[in-house]
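# Structural description and commentary
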Amino acid sequence: MNAVASWWDGVELWIAGLPFVPQVAVVLAVVVPAAAVVAVVADVVLSALFDARRRVVGKDRPGRVVGKDRPGRVIGEDRPTGAVPAATESRE
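Here we summarise the structure given alongside this text. (Residues numbered from 1 in each chain as written. Predicted model: local features only at pLDDT ≥ 70, side-chain atom pairs only at ≥ 80, totals over all residues. Heavy atoms only, no water.)

On to the overall build of the protein chain, then. Along its length, the protein chain carries 2 helices and 0 strands. Out of the 92 residues belonging to the protein chain, those deemed buried represent 3%. Surface summary for the protein chain: the accessible area is close to 8,400 Å², and the carbon and sulfur share equals 66%. (Helix = DSSP H or I, 4+ residues; strand = E, 2+ residues; numbered from the N terminus. Buried < 20%, exposed > 50% of the residue type's maximum accessible area, 1.4 Å probe, protein only. Areas by Shrake-Rupley, 256 points an atom, 1.4 Å probe, with all protein chains shown as cover.)

Here we take up the pattern of salt bridges. For the coordinates displayed, the defined rule picks out 1 salt bridge. Asp51 is the partner of Arg54 in a salt bridge, and the nearest nitrogen-oxygen pair spans 2.9 Å. Taken as a pair, Arg54 and Asp51 lie in helix α2 (residues 20-57) at a separation of 3 residues, close to a single helical turn. By relative accessible area, which is 34% here, Asp51 ends up partly exposed. (Salt bridge = Lys/Arg side-chain N within 4 Å of Asp/Glu carboxyl O.)

Okay, the packing of helix α1 (residues 2-17) against α2 next. Helix packing for two helices is described by the angle between their axes and how far apart those axes are. The N-to-C vectors of α1 and α2 enclose an angle of 135°; their axes lie 8 Å apart at closest approach. Considering their axes alone, α1 and α2 lie oblique with respect to each other. Here α1 contributes Trp14, Ile15 and Ala16 to the contact with α2, which in turn contributes Gln23, Val26 and Val27. Across the contact of α1 with α2, the residue classes break down as 5 nonpolar, 1 polar and no charged. (Axes fitted to C-alpha atoms, helices over the stretch in contact; angles between N-to-C directions. Parallel < 35°, antiparallel > 145°, perpendicular 65-115°, else oblique. Contact = heavy atoms within 4.5 Å. Nonpolar A, V, L, I, M, F, W, Y, C, P; charged D, E, K, R; others polar.)

Our next topic: a nonpolar patch on the surface. The grouping of Val37, Val41, Val45, Leu46, Leu49 and Phe50 at the surface amounts to a nonpolar patch, some 570 Å² of accessible area in total. Position of Phe50 relative to the elements: it lies in helix α2. (Patch = residues over 30% accessible without salt bridge, like charges linked within 9 Å, V, L, I, M, F, W, Y side chains within 5 Å.)

Examined against the element boundaries, Val26 turns out to sit in helix α2. With 11 residues separating them in the primary sequence, Val26 and Ile15 have C-alpha atoms 7.7 Å apart. Once residues within four sequence positions are removed from consideration, Val26 is found in contact with Trp14, Ile15 and Leu18.

Here it is as structure tokens:
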């Protein structure tokens, strides 16, 4: 652990000794890819969690009642989910 701490101290001192513009460039070269990796990992983990929750709870949650007369259709909707909207009629 001391070896890692010593290495990190050396990296910090090296970055702090750089002029401002190269310092920003080095930090961005590390931070932007690291943030992208964290975002992708968070996306994968959260997607898996929400998919698992959706499988356990089911698609029909409270507040989203499916009508008995029209299976697959939510009460209060004019058309099924994913349907193409009808063409607008001309008004005279």
